[in-house]
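Here's the letter readout for the chains.
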Amino acid sequence: MQSNLIEPASQKGSEFERERLPFTIQDVRAAIPKYCFEPSTWKSLSYFFRDVVIVAGLYAIAYKLDSWLFYPVFWFLQATMFWALFVIGHDCGHGSFSRHKWLNDLVGHVSHSFILVPYHGWRISHRTHHKNTGNIETDESWYPVSEAKYQDMAGWEKFLRFDLTLLLAYPLYLFRRSPERPGGSHFHPASPLFRESEKWDVITSSIWCAAMVALVAAGTFTWGWLWLVKFYLMPYLGFVVWLDLVTFLHHTDDDIPWYRGKDWYFLKGAISTIDVDYGVINEIHHNIGTHVAHHIFLSIPHYHLLEATEAIKPVLGEYYRKSDRSIWAAFWDAKENCHYVSNTGSKVYYRSK
């Protein structure tokens, strides 16, 4: 179902008239209690240590039981906790974990390196995503292709991008970036993703990840390939599925508009996302499903997002989007119906092949 909240902008040559929302970012901010923008270092640390303790506990249980009946359950639970750790690092990258940059960087590196995510490399490219959300031409992740591009794609490209394989895309993204963007690795300081001033940040994070790879390799050498599969590879792959599923759902829906040219501006793009209810997982992965408020104000810690969302709903009105479907129904609908947008115009919506 496509929204008719904003009429399509009229085209002027290669540009578009900018149509304004009936509220400003100042209006939205004023509706949120001021304390929602204030991170508590101790509260943030408590969530981090909670996740670490659960991860360690799951490893202890799996090692003690050493049962193939339990391993599939362990893989799912541990993958979910890996994803929760990623969200902690995500807050660190946005500076919403604490007011202390050194602490954000330390916890971010511990959280992300353990799951082979280069903290600074990811932080920088994710910053690009947030600055350009909803902009077809400059967004960093899960942006649509044009109809012409879709028609030109080879069968294997469509398979990788529009089939279940999209749930395993993240490692490829870390090494190759998104399609139709200048290629570049999140691990390499010379990548077009980064400025010269960010070189040593990128190198530092790559060293952290290399140390984790060495640690896993040492464990594999000591205890064998089966140890690798049981205790790291399967939970890691499950984490990748969680990451791709959640980020895909937040930015892929036939009710979400996309913009071109000057018709786009930050607030329009920021609300071009959708909240998703993950049920019992909401608290476990730190309410990352409250995505609209997060995109408008990156500095809100995850434990204030629910309250901030309730506060902005009256301001956003019908511009606020939340999925009322199960996550798997929403995923299947998006996979089957969101393939491309029209070659011209702004604003545009996903269409089905």
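All figures in this text were calculated on a predicted structure; none of them were measured in a lab. (Residues numbered from 1 in each chain as written. Predicted model: local features only at pLDDT ≥ 70, side-chain atom pairs only at ≥ 80, totals over all residues. Heavy atoms only, no water.)

Trainee: Can you break down a nonpolar patch on the surface residue by residue, with the values?
Mentor: Residues W102, L106, V110 and W208 make up a contiguous nonpolar surface patch of roughly 410 Å² in combined accessible area. No other element matches helix α4 (residues 101-113), which puts three residues into the nonpolar patch. Summarising the element assignment, L106 is placed in helix α4. With relative accessibility at 41%, the residue L106 sits in the partly exposed group. (Patch = residues over 30% accessible without salt bridge, like charges linked within 9 Å, V, L, I, M, F, W, Y side chains within 5 Å. Areas by Shrake-Rupley, 256 points an atom, 1.4 Å probe, with all protein chains shown as cover. Salt bridge = Lys/Arg side-chain N within 4 Å of Asp/Glu carboxyl O. Helix = DSSP H or I, 4+ residues; strand = E, 2+ residues; numbered from the N terminus. Buried < 20%, exposed > 50% of the residue type's maximum accessible area, 1.4 Å probe, protein only.)

Trainee: Describe the nonpolar core, with residues and values.
Mentor: Formed by 65 residues in total, the largest nonpolar core has its most connected members in W83, F86, Y170, F239 and L249. Counting residues per element, the ones that place at least two in this core are α2 (41-65), α3 (71-94), α4, α5 (119-131), α8 (170-176), α9 (199-223), α10 (225-251) and α15 (327-337). Per element, the largest residue contribution to this core is 13 residues, and it comes from α3. The residues contacting W83, other than those within four sequence positions of it, are F239, W242, L243, V246, H285 and I288. If you look at the next biggest cluster of nonpolar residues, it comprises 22 residues, including A308, A311, I312 and Y320. (Core = buried A, V, L, I, M, F, W, Y, C linked by side-chain atoms within 4.5 Å. Contact = heavy atoms within 4.5 Å.)

Trainee: Can you lay out the environment of F187 for me, pointing to particular residues and giving the numbers?
Mentor: With respect to the element layout, F187 can be found in the loop between α8 and α9. When neighbours within four sequence positions are excluded, F187 is seen to be in contact with L116, P118, L174, F175, V202, S206 and C209.

Trainee: Summarise the packing of α3 against α4; cite the residues concerned and give the values.
Mentor: At a minimum axis separation of 8 Å, α3 and α4 run at an interaxial angle of 155 degrees. As judged from the angle between their axes, α3 and α4 are roughly antiparallel. The handedness of the crossing between α3 and α4 comes out as left-handed. Along its contact with α3, which presents L85, F86, I88, G89, H90 and C92, the element α4 presents N104, V107, G108, S111 and H112. (Axes fitted to C-alpha atoms, helices over the stretch in contact; angles between N-to-C directions. Parallel < 35°, antiparallel > 145°, perpendicular 65-115°, else oblique. Left-handed = near helix turned anticlockwise from the far one by under 90°.)

Trainee: I'd like to hear about the side chain of N132, residue by residue, with values.
Mentor: Note on placement: N132 falls in the loop between α5 and α6 (147-152). Apart from the residues within four sequence positions on either side, N132 is in contact with T138, D139 and W264.

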